[in-house]
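Geometric and topological summary
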Amino acid sequence: MALKRRTRTLLYRVTMYVIFFAVVAAVAFSINWQRAIPQFFNLEVAAKLFPDIILIGLRNTILFTLIAFTGGVLLGIVLALMKLSSIGLFRWVATGWIELFRGLPALLTIFSVAFIVPIVFGWKVPGGPVGAGLLGLILVASAYIAEVIRSGIQAVPKGQTEAARSLGMSPMKTMFWIILPQGFRIIIPPMTNELVLLLKDTSLVFIAGSYIWSKELTTFARDANSANANATPLIVAALLYLVVTIPLTRFTAWLERRMAKER
């Protein structure tokens, strides 16, 4: 006798759960906990990290992220408007910028700003190694954010522009008072994703050099790992990254659901 559809669905779900927990159990039993716990979950080593890993590592990670994101958004707005401009030169410059910094690895961009540019052009980036690292992150972020902003602007119905122009508003006022606010409302979820990616990319700032007071989470944990000959600091840093990124990603998911309902 054929099983009912509801019964088959239930059996399928139960089977998937059994397989999942069986795999988890197999992995858990295959780990050598006697070696793993002292090396990766040493509470004595973890206790030594506090409060400096919060006051220095986590603080700098968040600060670097906010600075790079703010700079990326401001520069991204300019690039997005240039790419949508009717002037060909502006479009070419913006397109070249976006393709260049989206195509280059962030690590190479930061290295170029910190070392190649000062040698070739004789320019010194304000802020020393930290300033060079942040400038590299801003350049990379601006390229990605510009495309997100451009898509948001183009998603605003053209009727909004026509209505504003019919009321006598100039093109600039129409863009900054009508189109951009609506466009930013549309792109909040992808912009939050860019913020999360940028937060993780702050770990690349170390390539430009760092001071004791300027270490972000990854550099702080790496140095503590070397000093203690123990990997526990890396695990602690990973957990702190998750403390910040998981709420952000959950917030993004909530925004997407809310906006989907509104549409």
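See the structure shown above.
Remember, predicted model here, so these are calculated numbers, not experimental data.

**Here's the deal with the overall build of the chain**
Scanning the chain from N- to C-terminus turns up twelve helices and zero strands. For a compact globule of 263 residues, the expected C-alpha radius of gyration is about 18 Å, and the chain comes in at 24 Å, more than 25% above that figure. Once the C-alpha set of the chain is aligned to its principal axes, its extents read approximately 75 × 70 × 30 Å. Burial status across the chain gives 36% buried among its 263 residues.

**Some words on the environment of Val-45**
Its place among the elements puts Val-45 in helix α3 (residues 43-49). When the C-alpha positions of Val-45 and Ala-224 are compared, they lie 9.0 Å apart, and in sequence the two are 179 residues distant. When sequence neighbours within four positions are dropped, the list of residues in contact with Val-45 reads Asn-228, Asn-230, Thr-232 and Pro-233.

**Some details on the nonpolar core**
Phe-69, Val-73, Leu-137, Ile-145, Ile-149, Met-191 and Leu-198 are the most contacted members of the largest nonpolar core, which has 30 residues in total. If you list the elements that add at least two residues to this core, you get α4 (52-83), α6 (106-121), α7 (128-155), α9 (171-186) and α10 (188-201). Apart from the residues within four sequence positions on either side, Leu-137 is in contact with Ala-68, Ile-110, Leu-198, Asp-201, Thr-202 and Val-205. Counting residues in hydrophobic clusters, the runner-up holds 14 residues, among them Leu-217, Phe-220, Leu-240 and Tyr-241.

**What about the pattern of salt bridges?**
A complete count under the given rule lists five salt bridges for this structure. Among the ionic pairs, Glu-147 bridges to Lys-83, the shortest N-O distance being 3.1 Å. You can see Glu-147 sitting in helix α7 and its partner Lys-83 sitting in helix α4, a full 64 residues away along the chain. For Lys-83, a relative accessible area of 19% puts it in the buried group. Linked by salt bridges that have partners in common, Lys-83, Glu-147 and Arg-150 make up one network.

What counts, and at which threshold
Residues numbered from 1 in each chain as written. Predicted model: local features only at pLDDT ≥ 70, side-chain atom pairs only at ≥ 80, totals over all residues. Heavy atoms only, no water. Helix = DSSP H or I, 4+ residues; strand = E, 2+ residues; numbered from the N terminus. Rg over C-alpha atoms; globule rule 2.2 N^0.38 Å. Buried < 20%, exposed > 50% of the residue type's maximum accessible area, 1.4 Å probe, protein only. Contact = heavy atoms within 4.5 Å. Core = buried A, V, L, I, M, F, W, Y, C linked by side-chain atoms within 4.5 Å. Salt bridge = Lys/Arg side-chain N within 4 Å of Asp/Glu carboxyl O.

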